Amino acid sequence: MSINQIVDLLKKQQATFVLLLCHKSADADTICAAYALQGLLKRFLPDLVIEIGTPQGINKPTKQLLENLSITVALKPNIESASVIFLIDMNTVEQLDEVVDQLKASNAPLIIIDHHAPSPDTMQISDFCLINEQAAATCEIIYDMYQQVGVQLGLNEAKALFAGIAFDTRHFALGDSDTFRIAGGLVNAGVDARAMLNLFSNPIDNSERLAKLKACKRAKIVKNGEWIIALSHVSAYEASAAKSLVDLGAHVAAVAGKKDGKLEVSLRCSREFNEKTGIHLGKDVSMPLGELLGGVGGGHAMAAGVNAVGDVGDVLDRCLKLLKEKMSFDV
């Protein structure tokens, strides 16, 4: 689906109000992609009212970014009034938690723009999808939409896209040739790469430090062939803790946490593990694990997550079993 097709749909719907929804604990990629898409749609339909919605909040690193880029978001988006709704950087509506029922009850066409493996359930209720699993970030998809129609990026839009890509690729460590092509184009558009990267360089607070240390202390280490698996649990910062376990030497890590009766699991792996085993954490582990637990899972090849209900110990055992089953097919 191209930007021209999206604009045609909006005209056909006689859309007056469009909602760009960002996923739970919205990060730089989802918000910055939505912001740049907002700008692109405005080039074609200047009278269109477009709202960026973050009903499940914003993660800590991104809050400062919003202040620096003057991006406005709605914490209580007006789903009922939307003529068309976009899901930005999410492969399932279940990532929206308490507003899922409102979304499913809406008669507005649903458009997905994402770089994750799509959820079959969400694909069934969507009207159009623009999904590129090869993209390192959803911001890369939005950048190429600008290029396809020859629309010049504004400086703030270029900064936003650069920030979103930098965030999702761990400061370009996970980027590929397309990532660096796009980064070069954004720098040519006026982005100061060093200044943008410095926005993410704030020191972590003590609560996150403690979560990482507790994850290490509680970790169960399992060796399966040549691979080291680390399993642990914390009450917050699961993703950061899982990344720390991989940085310390695990080939793959799963960290679970439970808040308000809801279970969250973050998975991370090394590039070596992904390339040699061919295991895609999002498709091969998180999605089936989410289904087993009556929840939802998904994500990238080397970074994924699950939201469900259940017992922390049980979910980690199930995760380990899934990993071992997939690893038994190593080539």
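Fair warning: this is a prediction, and the values are worked out from it, not measured in the lab.

(A) Broad picture of the side chain of S83. Position of S83 relative to the elements: it lies in the loop between α3 (60-69) and β3 (84-88). The residues touching S83, leaving out its near neighbours within four places in the chain, are Q13, A15, T16, F17, A108 and P109.

(B) Structural detail: the sheet that holds strand β1 (residues 17-22). Judged by pairing direction, the sheet is parallel, and its 5 strands sit side by side in the order β2-β1-β3-β4-β5 without closing on themselves. Strands at the two margins of the open sheet, each flanked by one partner only, are β2 (49-53) and β5 (128-131). The mean inter-strand angle of the sheet, taken between neighbouring strand axes irrespective of direction, is 15°. Here 4 bridges tie β3 to strand β4 (residues 110-114), and the two strands are oriented parallel to one another. Looking at β4, one finds that I85 is bridged to L110. Where helix α1 (residues 3-12) meets the sheet, its contacts fall on β1, β3, β4 and β5, and the angle it forms with β4 comes to roughly 160°. On top of the sheet, helix α6 (residues 138-149) reaches β3, β4 and β5; it is set at about 105° to β4, its chief contact.

(C) Quick peek at the pairing of strand β11 (residues 303-308). Judged from the 6 bridges that link them, strand β9 (residues 262-269) and β11 form a sheet pairing that is antiparallel. Residue L263 lies in a different strand from β11, and its bridge partner there is A308. Pairing geometry for strand β10 (residues 296-299) and β11, over 4 bridges, is antiparallel. Looking at β11, one finds that G297 is bridged to V306. Counting the residues in the hairpin turn of β10 and β11 gives 3 residues.

(D) Broad picture of the layout of surface pockets. By volume, the second largest pocket is sized at about 260 Å³. Around the second largest pocket, the lining is made up of 14 residues, and of these T92, S119, D121, G295 and V296 lie nearest the centre. Counting residues per element, the ones that place at least two in the lining of the second largest pocket are α5 (120-125), α13 (281-292) and β10. Ranked by residue count, the leading element in the lining of the second largest pocket is α5, at 4 residues.

(E) Inspection of helix α7 (residues 155-168) at higher detail. The end-to-end C-alpha distance of α7 is 20 Å, a good match for the 20 Å that 14 residues give at a rise of 1.5 Å each. The buried fraction of α7 is high, at 10 of 14 residues. Residues of α7 that are buried include every one of E157, A158, A160, L161, F162, A163, G164, I165, A166 and D168, and no others. Looking one or two residues past α7, R170 carries a phi angle of roughly 55°, positive in sign.

(F) Spotlight on the sheet that holds strand β6 (residues 220-224). Read across the open sheet, the 6 strands follow the order β6-β7-β8-β9-β11-β10; overall the sheet is mixed. The open sheet is flanked by β6 and β10, the only strands paired with a single partner. Along the sheet, successive strands turn relative to each other by an average axial angle of 15°, direction set aside. Sitting on the sheet, helix α10 (residues 206-218) touches β6 and β7 (227-233), and the angle it makes with β7 is about 120°. Docked against the sheet, helix α14 (residues 312-327) engages β6, β7, β8 (252-259) and β9, running at close to 165° with respect to β7.

(G) Local environment of the environment of L130. Mapped onto the fold, L130 is located in strand β5. Accessibility expressed as a relative area gives 16% for L130, which makes it buried. Taking C-alpha positions, L130 is 4.8 Å from I113, a pair spaced 17 residues apart along the chain.

(H) Geometry of the environment of L161. Among the structural elements, L161 can be located in helix α7. Counting along the chain gives 97 residues from L161 to K258, while the straight-line C-alpha distance between them is 33 Å. With residues near it in sequence (within four places) discarded, L161 still touches C32, A36, C139, I142, Y143, L153 and L186.

(I) Molecular detail of the packing of aromatic side chains. Here the structure, examined in full by the defined rule, presents 3 aromatic pairs. The interplanar angle of 35° and the centroid separation of 6.0 Å between the aromatic rings of F172 and F180 together place this pair among those described as tilted. Taking the relative accessible area as the measure of exposure, F180 reaches 47% and is therefore partly exposed. One aromatic cluster is present, built from ring pairs that chain together F162, F172 and F180.

(J) Focus on the packing of α6 against α7. Put simply, α6 and α7 touch, their axes get as near as 8 Å, and they point 145° apart. Facing C139, E140, I142, Y143 and Y146 of α6, the residues of α7 in contact are E157, A160, L161, G164 and I165. Taken together, the residues of the contact of α6 with α7 break down into 7 nonpolar, 1 polar and 2 charged.

(K) Examining the pattern of salt bridges more closely. Evaluation of the coordinates by the stated rule reveals 11 salt bridges. Note that K259 and E238 form a salt bridge whose closest N and O atoms lie 2.9 Å from each other. Residue K259 is found in strand β8, and its partner E238 is found in helix α11 (residues 238-248); the two are separated by 21 residues along the sequence. Owing to a relative accessible area of 5%, E238 belongs among the buried residues under this scheme. E272 is the partner of K276 in a salt bridge, and the nearest nitrogen-oxygen pair spans 3.3 Å. Residue K276 and its partner E272 are both found in helix α12 (residues 271-277); the two are separated by 4 residues, about one turn of the helix. Its relative accessible area of 37% is what places E272 among the partly exposed residues. Bridged by salt links that share partners, the residues K24, E238, K259 and E264 form one connected network.

Conventions adopted
Residues numbered from 1 in each chain as written. Predicted model: local features only at pLDDT ≥ 70, side-chain atom pairs only at ≥ 80, totals over all residues. Heavy atoms only, no water. Helix = DSSP H or I, 4+ residues; strand = E, 2+ residues; numbered from the N terminus. Contact = heavy atoms within 4.5 Å. Pairing = 2+ DSSP bridges. Axes fitted to C-alpha atoms, helices over the stretch in contact; angles between N-to-C directions. 1 Å grid on protein atoms, 1.4 Å probe; cavity = no way out; pocket = protein on both sides within 12 Å on 5 of 7 lines; lining within 4 Å. Points joined across faces, edges and corners; volume = space filled by probe spheres on them. Expected span 1.5 Å × (residues − 1). Buried < 20%, exposed > 50% of the residue type's maximum accessible area, 1.4 Å probe, protein only. Phe/Tyr/Trp six-rings, centres within 6.5 Å; stacked < 30°, edge-to-face > 60°. Nonpolar A, V, L, I, M, F, W, Y, C, P; charged D, E, K, R; others polar. Salt bridge = Lys/Arg side-chain N within 4 Å of Asp/Glu carboxyl O.

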